[in-house]
Amino acid sequence: MGLPKPLALPKETFYVDKTGLPFYDAARLIGVAHLYFGTASAEVEDKGSHWEVRGPSVTRDYRQIEWVIEEGKEKAHDFSQKHKQIQKALNYVLNNKTNDFRGLPESKGEYPALKEFDAGLQYGPRGIDPLKDPVVVSSQGTKPKKQEKIYLLSAHDLVAVSLGFSFSARASSGEQRSYILPVFREKFVLSGTLTYLRNFNHSAGGFVSEVLAALSVLIDLVGTKLPVSDFVYTRIFGRNVFSSSGYLGLERLCTYWWRRVVEESNSDALRLLKEFRLFLANTASRTTHNQVQDLARWVADFVANPNVDALVKIQQLKARIMAASQGQRIQGGYQALQLLNRSQNLREVKEMMAMQLPEVPCQVSEALAKALRFDEKGWMNQFTRLENAGTFSQFIQQVEHIISRGYYREQQESGQNPDIRQALTRARNIAEDLRKIESQLRDDRSFRAWKAIFLLDVLSRARFRKESAPESEEASASEEASESKTEEG
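Every value quoted in this text rests on a predicted model; they were computed, and no experiment measured them. (Residues numbered from 1 in each chain as written. Predicted model: local features only at pLDDT ≥ 70, side-chain atom pairs only at ≥ 80, totals over all residues. Heavy atoms only, no water.)

Side note on the overall build of the protein chain
Then, number 1: The secondary structure content of the protein chain amounts to 18 helices and 13 strands.
Then, number 2: Taken across its 489 residues, the protein chain has 54% of its residues classed as buried.
Then, number 3: Considering only contacts within the protein chain whose residues lie at least 6 apart along the sequence, 75% involve residues at least 24 apart. (Helix = DSSP H or I, 4+ residues; strand = E, 2+ residues; numbered from the N terminus. Buried < 20%, exposed > 50% of the residue type's maximum accessible area, 1.4 Å probe, protein only. Contact = heavy atoms within 4.5 Å.)

Next up, the structure:
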């Protein structure tokens, strides 16, 4: 008796044309996959001018699709107002299937396109002569005098983009609201629904909230192994005073996430991304101190595009927040002091920057932190001299000076007979570990990056009086620490 024949399900293929409007196209693609395949597996392949979406033929439940669209209704006012039209289109689409999604008919169709589906839908896509029609995917100030184009969508495109939009993450700050979606590389499989947090806010600016949203989406999608290559957005300010759409430009973040977190399953890399997310999420309030908000902006800049300038600013701001926290309570100061407060996270920062930098000599870092503790009121002046050192040799001289002073003070406070020669000799011997790596830090970029990481390591070891964390912040930190222990186990 032979084996039973495998059950062969009929397959279907759908074609989604590209219009050149990034967010609109991404939403339509995700929408078509969910509309016809739901939680089944949909194979998506980029064919250049269009996408092919293939999968088993399944009967879709109207209520399941309506449930997804309901989420979109909660996100945008215009979407909510057009909800009945979308329901009407959905009824038609389920009874009149098509395999071709063309995108942007101007004279055909009966459903007006919403600006939330892509800011470019207000005036149309860029033509071959951008100087003739400059207002395309971005408009700023008052609306142009030229007549607004009214784009009408077919029922199928309206339902597809509505579904895709419902999977977008909303990122807001003040009067600006953005909607973002992940985009994927050439060939991938959408299996099930895209599950991630979808509502974010940050008082430090729209870009900060967008980076927080994208970072959170990546972390939540780790288990799906979807090859995210970037994020698309549509952004609206106020009552349509300013709008734009395009790519967020997070290719480096997505490449790092894919290589280190998804392919290599590196727990340190995932922990670092979660630490950035936790910091941004816990500093989102409008009552957050100005310096902490500045730090959030530079953290978002670094996450979006890991670079030396952003890393240096993170280190400098953290030091000043630490100094200010000694004399007063700073809203968000606790979160700032917890940021990049572990040696393994600082080592992973080098991986994120794709730089070959020498390790931080722990003996030197610990000795320097201990020396600074003996000057609780004036440590920031000495620390600033380290920041301002223009060459590695100048940096070593300042390290030796601070360590020798600290050792001298230690002798005094322990009741010993202070010996300046002994203090200088000890400082010179400890700093010898720095001289061993000097040849690896000849160029300015490497030196500045390494110095920022070294000083962040020193700050993590310093034990100045710090402000206590509010209960909610302690809970978040405790939860993250518990999660880290679980990953390490």
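As for the sheet that holds strand β10 (residues 187-191)
Then, number 1: Pairing within the open sheet is mixed, and its five strands lie in the order β4-β1-β3-β2-β10. Two strands lie at the open edges of the sheet, namely β4 (100-101) and β10, each paired on one side alone. (Pairing = 2+ DSSP bridges.)

A short note on the packing of aromatic side chains
Note on aromatic pairs: each is described by the distance of the centres and the angle between the planes.
Then, number 1: This structure, assessed with the given rule, holds 17 aromatic pairs.
Then, number 2: Note on Tyr36 and Phe101: the rings are 6.2 Å apart at their centroids and 65° apart in plane angle, and the pair reads as edge-to-face. Placement of the pair is Tyr36 in helix α1 (residues 22-37) and Phe101 in strand β4, with a sequence separation of 65 residues.
Then, number 3: Judged by its relative accessible area of 5%, Tyr36 is buried.
Then, number 4: Arranged with centres 6.1 Å apart and planes meeting at 55°, the rings of Phe276 and Phe302 form a pair that is tilted. Here Phe302 lies in helix α9 (residues 290-304) and Phe276 lies in helix α8 (residues 267-282), a separation of 26 residues in the sequence.
Then, number 5: The class of Phe276 is buried, set by a relative accessible area of 0%. (Phe/Tyr/Trp six-rings, centres within 6.5 Å; stacked < 30°, edge-to-face > 60°.)

Some thoughts on helix α6 (residues 206-220)
Then, number 1: In this model α6 runs 21 Å from its N-terminal to its C-terminal C-alpha over 15 residues, within 8% of the 21 Å that 1.5 Å per residue would give.
Then, number 2: With 13 of 15 residues buried, α6 lies mostly within the body of the structure. (Expected span 1.5 Å × (residues − 1).)

A closer look at the pairing of strand β9 (residues 176-184)
Then, number 1: The element β9 is largely enclosed, with a buried count of nine among its nine residues.
Then, number 2: Summarising the sheet, strand β8 (residues 169-173) and β9 pair through five bridges and their orientation is antiparallel. Note on β9: the bridge partner recorded for Ala171 is Ser178.
Then, number 3: Taken together, β8 and the strand that follows it, β9, pair antiparallel across an intervening segment of two residues, in which Gly174 is found at a positive phi of about 60°.
Then, number 4: Sheet topology places β9 next to strand β12 (residues 228-237); nine bridges connect them, and they run antiparallel. Following the sheet pairing, Arg177 is matched in β12 by Ile236.

A closer look at the confidence of the model for the protein chain
Then, number 1: Scored by pLDDT, the protein chain comes out at a mean of 85, with 85% of its residues at no less than 70.
Then, number 2: Looking across the protein chain, the model is least confident in helix α18 (residues 471-488), with a mean pLDDT of 44, and most confident in α9, with 98.
Then, number 3: Confidence drops under a pLDDT of 50 for residues 126-147, and excluding neighbours within four residues, the segment shows 32 contacts in the predicted structure. (pLDDT = per-residue confidence, 0-100.)

What about the side chain of Gln315?
Then, number 1: With respect to the helices and strands, the residue Gln315 is situated in helix α10 (residues 308-325).
Then, number 2: The buried category is assigned to Gln315, whose relative accessible area is 3%.
Then, number 3: The residues touching Gln315, leaving out its near neighbours within four places in the chain, are Phe383, Glu387, Ala452, Leu455, Leu456 and Leu459.

Comments concerning unusual backbone geometry
Then, number 1: Non-glycine residue Ser265 carries a positive phi angle of around 50°.
Then, number 2: Tracing the sequence through the fold places Ser265 in the loop between α7 (251-263) and α8.
Then, number 3: Classification of Ser265 by relative accessible area gives exposed; the value is 55%.
Then, number 4: The backbone of Leu340 sits at a positive phi, close to 50°, despite the residue not being glycine.
Then, number 5: Along the chain, Leu340 falls in the loop between α11 (333-338) and α12 (343-353).
Then, number 6: The exposure class assigned to Leu340 is buried, which follows from its relative accessible area of 1%.

Digging into the pattern of salt bridges
Then, number 1: Within the structure shown, the criterion is met by 29 salt bridges.
Then, number 2: The salt bridge partner of Arg54 is Glu52, with a shortest N-O separation of 2.8 Å.
Then, number 3: Assessed through its relative accessible area of 16%, Glu52 is described here as buried.
Then, number 4: Connected via shared salt-bridge partners are Glu43, Glu45, Lys47, Glu52 and Arg54. (Salt bridge = Lys/Arg side-chain N within 4 Å of Asp/Glu carboxyl O.)

Digging into α8
Then, number 1: With 16 residues, α8 should cover 22 Å at 1.5 Å per step; its first-to-last C-alpha distance of 22 Å lies within 8% of that length.
Then, number 2: When α8 is considered as a whole, its buried residues turn out to be Ala269, Leu270, Arg271, Leu272, Leu273, Lys274, Glu275, Phe276, Phe279 and Leu280.
Then, number 3: Sitting at the head of α8, Asn266 places a side-chain oxygen 3.0 Å from the backbone nitrogen of Asp268. (Polar contact = N/O pair within 3.5 Å; in protein donor to acceptor, adjacent residues only side chain to side chain.)

Some remarks on the side chain of His83
Then, number 1: Within the secondary structure layout, His83 lies in helix α4 (residues 83-95).
Then, number 2: According to the relative accessible area criterion, His83 is buried, its value standing at 6%.
Then, number 3: Setting aside anything within four residues of it in sequence, one finds His83 in contact with Glu66, Ile69, Glu70 and Lys73.

Some details on the environment of Leu280
Then, number 1: Position of Leu280 among the secondary structure elements: in helix α8.
Then, number 2: Take Leu280: its relative accessible area is 0%, and that puts it in the buried class.
Then, number 3: In this structure, the C-alpha to C-alpha distance between Leu280 and Ala296, residues 16 residues apart in sequence, is 6.2 Å.
Then, number 4: Excluding residues within four positions of it along the chain, Leu280 makes contact with His202, Val208, Leu212, Ala296 and Val299.

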